[in-house]
Amino acid sequence: MTRMAKVQIFGSLRAATDGKSEVEVDASTLRELLDGLADSYPGLRPQLDRGVSVAIDGRIYNDSWFIPIRDDSEVVLLARLKGG
Amino acid sequence: MALDSKTDTRPQQFKVVGTRPLRPDGIDKVTGRARFGADMSAPGMLVGLVLRSPHPHARIRSIDTSAAEALTGVHAVVTRADFAPPADPGVADVLDNCMAGDKALYDGHAVAAVAAISGKVARQALKLIKVDYQPLPHVTDVDAAMAPDAPALHEGRADETVPAGMSPNVMARHEFGHGDIDAGLSQADRVLERSYRTEATHQGYIEPHACLATMAPDGQADLWCCTQGHYMVRNTCAAILGIEQGQLRVTASEIGGGFGGKTTVFLEPVALKLSQKSGRPVKMVMSRAEVLRATGPTASSSIDVRIGMTRDGRITAGFAELRYQGGAYPGSPVDMGSMSAFAPYDLENVRTVGFDVVTNRPKQAAYRAPGAPMAAFAVESAIDELARGFGLDPLDVRLHNAAREGTKASYGPTYPAIGLEATLRTAKDHPHWSAPLGPNQGRGVACGFWFNFGGDTCVSLNITPDGTVTLSEGNPDIGGSRASMSMMAAEELGIPYDRVRTVIADTGSLGQNEVTDGSRVTFAVGLATIEAARAAKREMCKRAAQVWGIDEDAVIWEDGAARPAGPNAGQHPPMSLAEIAAIASNTGGPIAGHFEVNAEGAGVSFATHMVDTEVDPDTGAVKVLRYTVFQDAGKAVHPSYVEGQFQGGAVQGIGWALNEEYIYGEDGILQNPGFLDYRIPVASDLPMIDTVILEIPNPGHPYGVRGVGETSIVPPLAAVANSVSDAAGVRMTSLPISPPKLLAAIRSGGS
């Protein structure tokens, strides 16, 4: 079954998504989401390679591939977060 | 791992968590018994020293080490030529920062190192190394580095986000936000445009970097060092040296402060290389001047803000352009500053644009909520000026615009339940807010936001034969984690705190652990500790069931003992942890629990700070009179440590606001590499920092814990500046607010 996740793209990456601030990706997990973004929008690859964080329903994930993404999940791509 | 719905958000009843037991490292530290980075020795140990560039920017034409190598007592000399290009490009800049390649990029950049039988011989050897430098033009100011004709540090390293035509020193551009700024500004009764500047400040940890490295001919290596993350040290050094991670065992010493600055390596790969070359253990200890010249201060910043507000205090739009220089390599925290600048507010129209800029300064390192304090200084100063201009209460204006559950954050996501409003209401009701002020005195408030992190975490909990508990974790204790882990284990097991001892294991004893950063340890390691204790409890219930001859499902753990439960369990007296431990050999062997997790999904954090200052109109000196921190801790495991985190962040922020700055001369040389000229606040400069801990449980943690280590440094820059501006009657937009700067502003009637 196709599950389209809506992903919000932050401003400096919109050049890679034809200016769109939100794109749809066929994904039910974080791994599928990141793979789908790289396939559909190759311009995002440099940032994806540098690292991103993803906010799913207000909680931030970096690496956990199999975090589920529901149809109605809010998904926001962020620059990779780093702390001190 | 998903951590949603980990805990019931109703207050829980705790017996150990929330109390204030004595800290386990206290006696060792006050008696001098604690072993820090420089306190370890090994037989046959050599002394390692680094030769550093006297130029801010220079091509290294050649390095002649022959005379140094010929000196009696010198066992090894290394330069960049001794390091193969790392297979992992991710550590290329780290290596270049530890040992310069073709160019020295800042005053103090390492260009060679020696290992000798004594410090005296090593210093003589450094003088015998001949470096042929070709000095190059330099730039140390962020705005100057962005000029099209600025001296370029690197060519062609800008990433794809940087528009064509910008200075080659601009490495990246970040943009966040939503809505329509111009439309929002058009609805405002006043639009304020201001430019703000902050200087680079150092984390100011008291303990300099130090390590002892041993690399044997068979490839096995051991490293003792002061660090916030010995697994990070292992992985980074292994990548730089081209060895397997499993062959390098790193042990973390006690740590005399880090605050983010010890989340990377400086000496460690060099010490390992010197040991490999000499065949002897090598110890390296930085001087204070080396710490200031060549480790990571935070970024300096230049920020333009445009905010619109209606006369009743509603913010209609917020825009900021943030320019951070992060030293000689890409990676300033301007992305974090851009995301956090307006994060406390519920705004329909908000946008931030950040530029990451390189200059001829040491590579910045993380500093407590990296990037956020400068951004908060700019935005919170502008909001304060607008509020006061309309005659509005600055706390009311913040409450009017505060982000709440359901607010779309300025960096994108929608907030779950958050604690900002609670900190603001508590601040407004606090006696500090209504206390009278005298002549030349002012009061300022500011809010702050930080993300908080989780990450890879391992904990191993072992039940000893006498019924005490040892707990191994992999994160250096910089904020009291041994105490808080022991407390959470004791709470979960139902035993007294003093029956648990927590140790920091070396890299050979546990799996991968993320660095002690991002306010992650009490949250993530605490979560793993609780789960490890629960695993041990399950095993102990199983052992008791075996003894009683009943099904293990018919045994529960309560008040430190296994107890029969359920209709068919029968009547058996409870078996305590000690009783089960005593017969462990008879019931299957030693009992332990362990837990490994990537603890993602940590919750965000907010704070509000309030500060009174008094300005001497004749000298421009500022005295901090009263300071109160209001912050949500989720659940304070050991409230004294939480208060300490709140106080420490406030004090570091006061230093950043009033005194501390990296001062570079026209020659590009750091002018104040010592604690006499780089002045951090000391106890006699400060009042008692009062704290109010709010406890709004974090649903992502079994006990509701939220990280508290970083948020406390975000508001104070702005809170102090707002207070001084109130006291002096002039708006201060440039930090630090040093006496000469304030005096000049007072005399000119505005900054």
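Everything quoted here is computed from the prediction, not taken from an experiment.

## Notes on the overall build of chain B
Helix and strand counts for chain B stand at 20 helices and 26 strands. The C-alpha atoms of chain B give 27 Å as radius of gyration, which agrees with the globular expectation for 751 residues (27 Å, within 12%). When the 751 residues of chain B are sorted by exposure, 58% land in the buried category. Long-range pairs, those at least 24 residues apart, make up 79% of the contacts in chain B with a sequence separation of at least 6.

## With respect to the confidence of the model for chain B
Residues and elements named next belong to chain B. The pLDDT averaged across chain B works out to 96; a share of 98% of its residues lies at or above 70. Scored below 50 in pLDDT, residues 1-6 shows 17 contacts in the model against residues more than four places distant or in partner chains. On the interface metric, ipTM, the complex scores 0.94, and its pTM is 0.96.

## Here we look at the environment of glutamate 244 of chain B
Its place among the elements puts glutamate 244 of chain B in the loop between helix H7 (230-241) and strand E11 (248-252). Between the C-alpha atoms of glutamate 244 of chain B and glutamate 579 of chain B, which are 335 residues apart in sequence, the distance is 43 Å.

## Let's talk about the sheet that holds strand E7 (residues 170-178) of chain B
Residue and element names in this part refer to chain B. Strand order in this open sheet of 5 strands is E7-E15-E14-E13-E8, and the pairing throughout is mixed. Strands with a single pairing partner mark the edges of an open sheet, and in this sheet they are E7 and strand E8 (190-198). For this sheet the average axis-to-axis angle between neighbouring strands, irrespective of direction, equals 10°. Bridge analysis of strand E13 (residues 300-309) against strand E14 (residues 315-325) gives 10 bridges, and the strand direction is antiparallel. Note that in E14 the partner of serine 301 across the bridge is tyrosine 324.

## Focus on helix H12 (residues 394-401) of chain B
Residue and element names in this part refer to chain B. The complete set of buried residues in H12 reads Pro394, Val397, Arg398 and Asn401. On an axial view of H12, the arc spanned by its buried residues comes to 95°, and they lie on one face. Where the residues of H12 are buried, they touch E14, helix H11 (372-389), helix H13 (420-429) and strand E16 (441-450).

Rules of the game
- Residues numbered from 1 in each chain as written.
- Chains lettered and ligands numbered in written order.
- Predicted model: local features only at pLDDT ≥ 70, side-chain atom pairs only at ≥ 80, totals over all residues.
- Helix = DSSP H or I, 4+ residues; strand = E, 2+ residues; numbered from the N terminus.
- Rg over C-alpha atoms; globule rule 2.2 N^0.38 Å.
- Buried ≥ 20, exposed ≤ 12 C-beta atoms within 10 Å, placed from the backbone.
- Contact = placed C-beta atoms within 7 Å.
- pLDDT = per-residue confidence, 0-100.
- Pairing = 2+ DSSP bridges.
- Axes fitted to C-alpha atoms, helices over the stretch in contact; angles between N-to-C directions.
- Arc of directions from axis to C-beta.

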